[in-house]
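Per-entry structural report
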Amino acid sequence: MLERRKPIPIGEAVKKIMSYQLSGQTEYVSIDESYGRYLSEDLKATSDVPHFDRAPYDGFAVRSIDTKEASLKNEVEFKVVDHLGAGMTSSKVISHFEAVRIMTGAMMPEGTDAVVMFEVAKAYEKNGTPFMSIKRSFNKGDNVSYRGEDAKEGEILVKKGTLINPGIQAMLATFGYHQVPVAKKPIIGLFATGTELLEVNEELVPGKIRNSNSHMIAAQIQRTGAIVHYYGKLPDIFDTCFTAVKNALDKVDILITTGGVSVGDFDYLPAIYEKLGAEVLFNKVAMRPGSVTTVAQLDGKLLFGLSGNPSACYVGFELFARPIIRKMLFSTTPHLRKEKAILEVDFPKANPFTRFVRSAFSINNGSLRATPSGLDKSNIIMSLSGANSLMILPGGTRSFKAGDEVDILLLEDQVGSEWPW
Ligand SMILES: Nc1nc2c(c(=O)[nH]1)N[C@H]1C(S)=C(S)[C@@H](COP(=O)(O)OP(=O)(O)OC[C@H]3O[C@@H](n4cnc5c(N)ncnc54)[C@H](O)[C@@H]3O)O[C@H]1N2
Ligand code: MOO
Ligand SMILES: [Mg+2]
């Protein structure tokens, strides 16, 4: 008799997965390899930045008190007693009406507290000795870049779980992190199942199709920040699939299969989970597409049985596999970021279950607008290339109209969100 599956709400399904403490691990990589990785520790300032007062302009370092009487009518003269480029320091203590010729980035000499830019000073020599004069006064701190103005020692500047971007690279270098603590990339094993599947380089023959899911999922895994171990495609033969899945489990953190998960005569994943002794967390979710998404666990390791239908497979990965992978990358906001958008076209279909419509959103004059990126059917491939978001149409609704406000989940975003969205 046909097995009747009980669909569970999406939130519940996500919660079941996220309760698995697949903990992230740290590894140290050279700063040169850290771009695009996720920090596994908070990034802390190891020193003040800058760690000394310095000149932000080319000019003369002076004691501001000596400039007080300077005005258009009263030119004040300074003897230039030293000459500093960036990286040089002065051993002199600057005294009354003395100045130091100083370049941008150089450390302020002891006693000085303001910088006179070249443009407002007149430089000259008297008997071979350099002098300069000014016709305006300066306050303490004028044109000085102060110790700690950029960062204070001990400050937490970036939270763990953040994607390392070029700005973070600059911080890491500034604070001397030549080895960077990053989240070890989880290893995600991948099989595509289906006797109908051809390799990409094979010619089409009647009844067979090229395997596109594994290439799509491999990219989604990488977009999430993990490593793919693709073990190839499997024919719908129980023993072959069982042995392959069993052997791969030891080598990966998470195992993903596509196809063979529904109630068809050659859908073997349910029986494979049973023979493995894995606990099925759920095998039906109240959503479209991706309703057949099945997740099981064996000894704390998660097995994702994603649908064979490409759009269902894609959505199943983003809603269920992505967050647990992001959690292993130390994210505290591992779910897709949710935003509001204005629907640009009518969407007349009824939504008996929550529907995730592959969509293209754009920002128009400060407001988000979304439109389906192609046909809304779970076997469709072509709608995926233009999808940068999933529009959420709640179960029990129908006939959305252009101009309606809808929720969308952003697929290319790094901020993420907490659950529930
Ligand atoms: N009687 C029922 N039939 C079906 C149900 C149901 O509830 N009752 N659910 C339907 C839904 S919804 C979906 S989604 C699919 C899920 O099927 P499976 O996950 O078992 O996947 P397959 O049967 O193996 O394949 C489905 C479809 O996808 C194509 N496919 C498979 N793998 C790939 C790949 N690697 N690249 C590209 N395309 C692939 C495959 O050829 C099939 O056309 O079940 C419905 N049926
Ligand atoms: O899992 Mo099926 O479409 O609900 O696409
Ligand atoms: Mg099937």
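In the block above lies the structure referred to throughout.
Note that residues are indexed from 1 along each chain, following the sequence as it is written. Note on labels: chains are lettered from A, ligands numbered from 1, in written order. Note on the predicted model: pLDDT of at least 70 is required for a residue's local features to be given, and 80 or more for side-chain atom pairs to be given and counted; whole-chain, interface and lining totals, by contrast, use all residues. Heavy atoms from the whole structure form the basis of all side-chain values; hydrogens and water molecules are not counted.

Some thoughts on the sheet that holds strand β11 (residues 187-193)
- A strand pair is defined by DSSP finding two or more bridges across the two strands. Only DSSP runs of H or I with at least four residues qualify as helices, and only runs of E with at least two residues qualify as strands; both kinds are numbered from the N terminus onward. As summarised here, the arrangement of the six strands in space is β14-β11-β15-β19-β18-β16, forming an open sheet in which the pairing is mixed. Two strands lie at the open edges of the sheet, namely β14 (227-234) and β16 (279-282), each paired on one side alone. In this sheet, neighbouring strand axes are inclined to one another by 20° on average, regardless of whether the strands run parallel or antiparallel.
- Here β11 runs beside β14; their pairing, made up of six bridges, is parallel. Opposite glycine 189, over in β14, you have histidine 229 as the bridge partner.
- A contact between two residues is defined here by any heavy atoms of the two lying within 4.5 Å. Between the N-to-C directions of two axes lies an angle of 0 to 180 degrees, each axis being a line fitted to C-alpha atoms and, for a helix, fitted only over the stretch in contact. Across the sheet, helix α1 (residues 10-18) lies against β16, β18 (294-298) and β19 (301-306), angled at about 140° from β16, the strand it touches most.
- Along the sheet face, helix α5 (residues 269-276) touches β11, β15 (254-258), β16, β18 and β19 and points at about 165° away from the line of β19.

Description of the nonpolar core
- Formed by 48 residues in total, the largest nonpolar core has its most connected members in Ile256, Phe304 and Phe320.
- Residue assignment for this core shows that the elements contributing at least two residues are α1, β11, α3 (213-224), β15, β16, β19, α6 (310-328) and β24 (389-393).
- Sort the elements by how many residues they give to this core and α6 lands first, with 10 residues.
- Setting aside anything within four residues of it in sequence, one finds phenylalanine 304 in contact with Ile17, Ile254, Leu255, Ile256, Thr257, Tyr273, Thr294, Val295, Phe320, Ala321 and Ile324.
- What makes a nonpolar core is a set of buried Ala, Val, Leu, Ile, Met, Phe, Trp, Tyr and Cys residues whose side-chain atoms join them at distances within 4.5 Å. Think of it in three bands: residues with accessible area under 20% of the maximum for their type are buried, residues over 50% are exposed, and the middle band is partly exposed, with areas taken using a 1.4 Å probe on protein chains only. Residues Phe242, Ala244, Val252 and Leu269 belong to the second largest nonpolar core, which totals 20 residues.

Some words on the coordination of the magnesium ion (ligand 3)
- Donor criterion used throughout: N, O or S atom within 2.8 Å of the metal, extended to 3.2 Å for Na, K and Ca. Water excluded; incomplete-looking sites may result. Taken together, the protein donors to the magnesium ion (ligand 3) comprise Asp267 (OD) and Asp267 (OD), at separations of 2.4 Å.
- Tracing the backbone through its elements, the reader meets aspartate 267 in the loop between β15 and α5.

Focus: α5
- Along α5, the residues classified as buried are Leu269, Ile272, Tyr273 and Leu276. The buried residues of α5 all sit within an arc of 100° when viewed along its axis, so they share a single face. What points out from α5, more than 90 degrees from its buried face, is the exposed set Glu274 and Lys275.
- Where α5 is buried, its residues meet β11, α4 (238-249), β15, β16, β18 and β19.
- One or two steps after α5, the chain reaches glycine 277, where phi turns positive at roughly 85°. Directions are taken from the helix axis to each C-beta atom, and the arc is the one they span.

Without other data, these values stay purely geometric and don't point to any function.
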